[in-house]
Amino acid sequence: MFKTTPTHVRYTLRVLSRLLGYPDAQLFADLAPMIDALRMEGALPRARIDEIAQFGQHLNTLGEWEAQARYVDLFDRGHKTSLHLFEHIHGDSRDRGPALVDLQQTYEKAGLMFDANELPDHLPVVLEFASTQPPNIAQEFLGEMVEILNAIFSALVHKDSPYACVLAAVLELAGAKAHAVAIDPEPDMDEAWMEPEAFIGCSTQGQAKPGAAQPMHFVRKSEISNQSQGVSA
């Protein structure tokens, strides 16, 4: 845990931002110089940098396609590992919209125009913004998100993901220490995406379920005729 703010964090934050981004061909080409940048700036403990270097080697071992498939499965198909920070607070509720607007206004007040394919609360975007700020401001900014960051870290540890070391590094730059906490299991993807049944019964709740008895009621034509005459009268 940092007792004081590191003097230089700009390149370290940008490297962490890039490592948490989609592992495209450019990322693989930049892995070696990014690790060199971490060592040069020295904002992280040496052991953490070594761990991130091993993570880079792990990506190289996987190869571009496999790394991309695992990235999508990890971050795009799991709620608890989502890199969209406000999703952990607001989910899909209406409150998320105003929170995103407020965050974008924070960027603009700092003199930056937000122009990205991702939402403002995407962690790589947040880290890139932090890299433009003085170290003490960057640490304070990230410090407001420690609880969310640690929740994501815990979910990654639970999944035994090598990306956990990158989140641990982010937490350290936020002035905190990564510590895994218990998390509730996520529902199975098939269950989470299952559409609700349109009809759940017939007699009083709509159409009967397949295989269930269909109640039938016969009415004489004369009764219907008498009812119609009564209405018209």
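Residues numbered from 1 in each chain as written. Predicted model: local features only at pLDDT ≥ 70, side-chain atom pairs only at ≥ 80, totals over all residues. Heavy atoms only, no water.

1. Some remarks on the nonpolar core
- Of all hydrophobic cores here, the largest spans 59 residues; its most connected members are L19, L20, I52, L123, V126, F141 and Y163.
- In terms of residues, this core owes the most to one element, helix 10 (residues 164-173), which gives nine residues.
- When sequence neighbours within four positions are dropped, the list of residues in contact with L20 reads Y71, L83, L123, P124, L127, Y163, V166, L167 and V170. (Core = buried A, V, L, I, M, F, W, Y, C linked by side-chain atoms within 4.5 Å. Buried < 20%, exposed > 50% of the residue type's maximum accessible area, 1.4 Å probe, protein only. Helix = DSSP H or I, 4+ residues; strand = E, 2+ residues; numbered from the N terminus. Contact = heavy atoms within 4.5 Å.)

2. Some thoughts on the pattern of salt bridges
- Tallying each qualifying case throughout the model produces five salt bridges.
- For R18, the salt bridge identified is with D24, shortest N-O distance 2.5 Å.
- Here D50 ties to R39 by a salt bridge, and the two come within 2.9 Å at their closest N and O atoms. Of this pair, D50 sits in helix 3 (residues 46-62) while R39 sits in helix 2 (residues 25-41), and the two are eleven residues apart along the sequence.
- One network of salt bridges, with partners in common, ties together R48, E51 and E172. (Salt bridge = Lys/Arg side-chain N within 4 Å of Asp/Glu carboxyl O.)

3. A short note on the packing of aromatic side chains
- Considering all chains together, one arrives at seven aromatic pairs under this definition.
- Here Y71 and Y163 contribute two aromatic rings whose centre-to-centre distance is 6.1 Å and whose plane-to-plane angle is 65 degrees, an arrangement assigned as edge-to-face. Of this pair, Y71 sits in helix 4 (residues 64-76) while Y163 sits in the loop between helix 9 (146-158) and helix 10, placing them 92 residues apart in sequence.
- According to the relative accessible area criterion, Y163 is buried, its value standing at 6%.
- Joined through ring pairs, the aromatic side chains of Y22, F55, Y71, F75 and Y163 make up one cluster. (Phe/Tyr/Trp six-rings, centres within 6.5 Å; stacked < 30°, edge-to-face > 60°.)

4. Some points on unusual backbone geometry
- One non-glycine residue, D160, adopts positive backbone phi at about 55 degrees.
- Structurally, D160 can be placed in the loop between helix 9 and helix 10.
- Looking at D160, the relative accessible area reads 70%, which means it is exposed.

5. Focus: the confidence of the model for the protein chain
- When pLDDT is averaged along the protein chain, the result is 80; 73% of the residues meet or exceed 70.
- Segment residues 188-219: pLDDT under 50, and 18 contacts once partners within four positions in sequence are set aside and those in other chains are kept. (pLDDT = per-residue confidence, 0-100.)

6. Structural notes on the side chain of S82
- Position of S82 relative to the elements: it lies in the loop between helix 4 and helix 5 (87-90).
- Judged by its relative accessible area of 2%, S82 falls in the buried class.
- Within polar-contact distance, the side chain of S82 engages the backbone nitrogen of H84 at 3.1 Å.
- Every residue in contact with S82, bar those within four places of it in the chain, is listed here: F75, E87, H88 and I152. (Polar contact = N/O pair within 3.5 Å; in protein donor to acceptor, adjacent residues only side chain to side chain.)

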